[in-house]
Amino acid sequence: MLKLKQPAYTYADMLTSCREGITGNPGLLLKVNEAITDLQTLAASYNASALTGELYTIQPLQIKNEEDPIVVGRLKKSDFVKLYGNYVVGKKKPARTIYDALMTAANEKCPFCGGIGRPRNLDHYLPKAHYPQFSILPVNLVPACRDCNMDGKGEAFARNEAEQIIHPYLDDSRYYDEQWISARYLVGKNDEPGVIEYFVSPPADWDNAHKQRVEKHFNDFDLSLRYSKEAGARLVVLLALYNSVLPISVDKNAAKDLIFQTIINNSPFVNHWERIMCLALMSDL
């Protein structure tokens, strides 16, 4: 929904900072040092797959409840969980600087929901429960609001192309540059302002997988309801402005242009909820 610049810190930076922070666990440090080449190879594979929309081809780790399997070299799943929890999230560790930089880069806007939520922590795009090898990879760490992280995404992962949610760092520009969300204005009754109803309407020339991806993203993050709630209060204000301008306008279209088209022209991105709302008002009023 919101495109993020790729992290300023590389995976090599993250590995270096994590290793600097491992001061009391020589066994873990040795295992990380041994696996450096393999870890960097996996990171390169992640990037290549993400750029072509094929992260789903990376197989999740098969884990039984009682197992702590080896993932890379001699590093076990629990080692990767520890690397993230103790040496990236840990506030007194060198890699915390990278954690904070990733959070700050989102500019207080959750990319999954288009900025209506405020990021609270970093979400693992490929969840560390199933892909622990990417638990400290910067491009796999996405600043996310609680609603998107906990209620929307959780630990789900895609099994095919169509099931992939949009990747804020590495996905195809079409998801950010082309409109795929629309809305309709449902007139209220008894002087009520009505509601804005949002829905998915991807371009006709997109293939089915791309259409299914935005449909899944829209549904997983409950954007129809969340955007309608955002639009509710704003709708009251905009309709009041429109109705105040209408009597002194040359015609109805001039009033629409003044109130709604101005917002459309100045929207921060093409699928912003307020832009889509104003498009609906231009059409349906």
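Residues numbered from 1 in each chain as written. Predicted model: local features only at pLDDT ≥ 70, side-chain atom pairs only at ≥ 80, totals over all residues. Heavy atoms only, no water.

**What to know about the overall build of the protein**
Scanning the protein from terminus to terminus reveals 10 helices and 6 strands. C-alpha extents for the protein along the principal axes are approximately 75 × 40 × 30 Å. Contacts in the protein between residues far apart in sequence, at least 24 positions, make up 68% of those at least 6 positions apart. When the accessible surface of the protein is split by element, carbon and sulfur atoms take 49% of a total near 14000 Å². (Helix = DSSP H or I, 4+ residues; strand = E, 2+ residues; numbered from the N terminus. Contact = heavy atoms within 4.5 Å. Areas by Shrake-Rupley, 256 points an atom, 1.4 Å probe, with all protein chains shown as cover.)

**Section: the environment of Ala158**
Looking at the element boundaries, Ala158 is found in the loop between α5 (146-153) and α6 (174-177). Classification of Ala158 by relative accessible area gives buried; the value is 15%. Put simply, Ala158 and Asp257 are 99 residues apart on the chain and 42 Å apart in space, counted from C-alpha to C-alpha. (Buried < 20%, exposed > 50% of the residue type's maximum accessible area, 1.4 Å probe, protein only.)

**A look at the state of the cysteines**
As used in these notes, a disulfide is a covalent bond between sulfur atoms, one from each of two cysteines. Counted according to the given criterion, the structure contains 0 disulfides. For Cys148, which is in no disulfide, the shortest distance to another cysteine sulfur is to Cys145 and amounts to 3.6 Å. Its relative accessible area of 0% is what places Cys148 among the buried residues. Cys113 supplies the cysteine sulfur nearest to Cys278, a cysteine that is in no disulfide, at a spacing of 19 Å. (Disulfide = S-S within 2.5 Å.)

**Thoughts on helix α7 (residues 208-220)**
Spanning 13 residues, α7 covers 18 Å between terminal C-alpha atoms, matching the ideal 18 Å at 1.5 Å per step. Within α7, the full set of buried residues consists of Ala209, His210, Arg213, Val214, His217 and Phe218. On its buried face, α7 sits against α6, β5 (181-186), β6 (195-200) and α8 (223-245). The N-cap residue of α7 is Asp207: its side-chain oxygen and the backbone nitrogen of Ala209 are 3.3 Å apart. Within two residues after α7, Asp222 carries a phi angle of roughly 55°, on the positive side. (Expected span 1.5 Å × (residues − 1). Polar contact = N/O pair within 3.5 Å; in protein donor to acceptor, adjacent residues only side chain to side chain.)

**Focus: the pattern of salt bridges**
Across all of its chains, the model carries 9 salt bridges by this definition. In this structure, the salt-bridge partner of Asp171 is Arg213, at a minimum N-O distance of 2.5 Å. Here Asp171 is found in the loop between α5 and α6, whereas its partner Arg213 is found in helix α7, with 42 residues between them in sequence. Neither residue differs from the other here; Asp171 and Arg213 are each classed as buried. (Salt bridge = Lys/Arg side-chain N within 4 Å of Asp/Glu carboxyl O.)

**A few points about the packing of helix α2 (residues 26-51) against helix α3 (residues 77-87)**
Closest axis-to-axis distance for the α2/α3 pair is 12 Å, and the angle between their directions is 105°. Overall, the two elements α2 and α3 adopt an arrangement that is roughly perpendicular. When α2 is examined against α3, the residues Leu28, Lys31, Val32 and Leu39 are found in contact with a partner set consisting of Asp79, Phe80, Lys82, Leu83 and Tyr87. (Axes fitted to C-alpha atoms, helices over the stretch in contact; angles between N-to-C directions. Parallel < 35°, antiparallel > 145°, perpendicular 65-115°, else oblique.)

**Some thoughts on α3**
Of all the residues in α3, the buried ones are Asp79, Phe80, Leu83, Tyr84 and Tyr87. Around the axis of α3, the buried residues are gathered within 130° of arc, so they sit on the same side. (Arc of directions from axis to C-beta.)

**Observations concerning the packing of aromatic side chains**
Taken as a whole, this structure holds 6 aromatic pairs when the rule is applied. Here the aromatic rings of Phe112 and Phe221 are separated by 5.2 Å at their centres, their planes lie at 15°, and the arrangement is stacked. Placement of the pair is Phe112 in the loop between α4 (96-105) and β3 (121-124) and Phe221 in the loop between α7 and α8, with a sequence separation of 109 residues. Side by side, Phe112 and Phe221 carry an identical accessibility label, which is buried. Positioned above the aromatic ring of Trp206, the side-chain terminus of Arg174 is 5.9 Å from the ring centre. (Phe/Tyr/Trp six-rings, centres within 6.5 Å; stacked < 30°, edge-to-face > 60°. Lys NZ or Arg CZ within 6 Å of the ring centre and 35° of its normal.)

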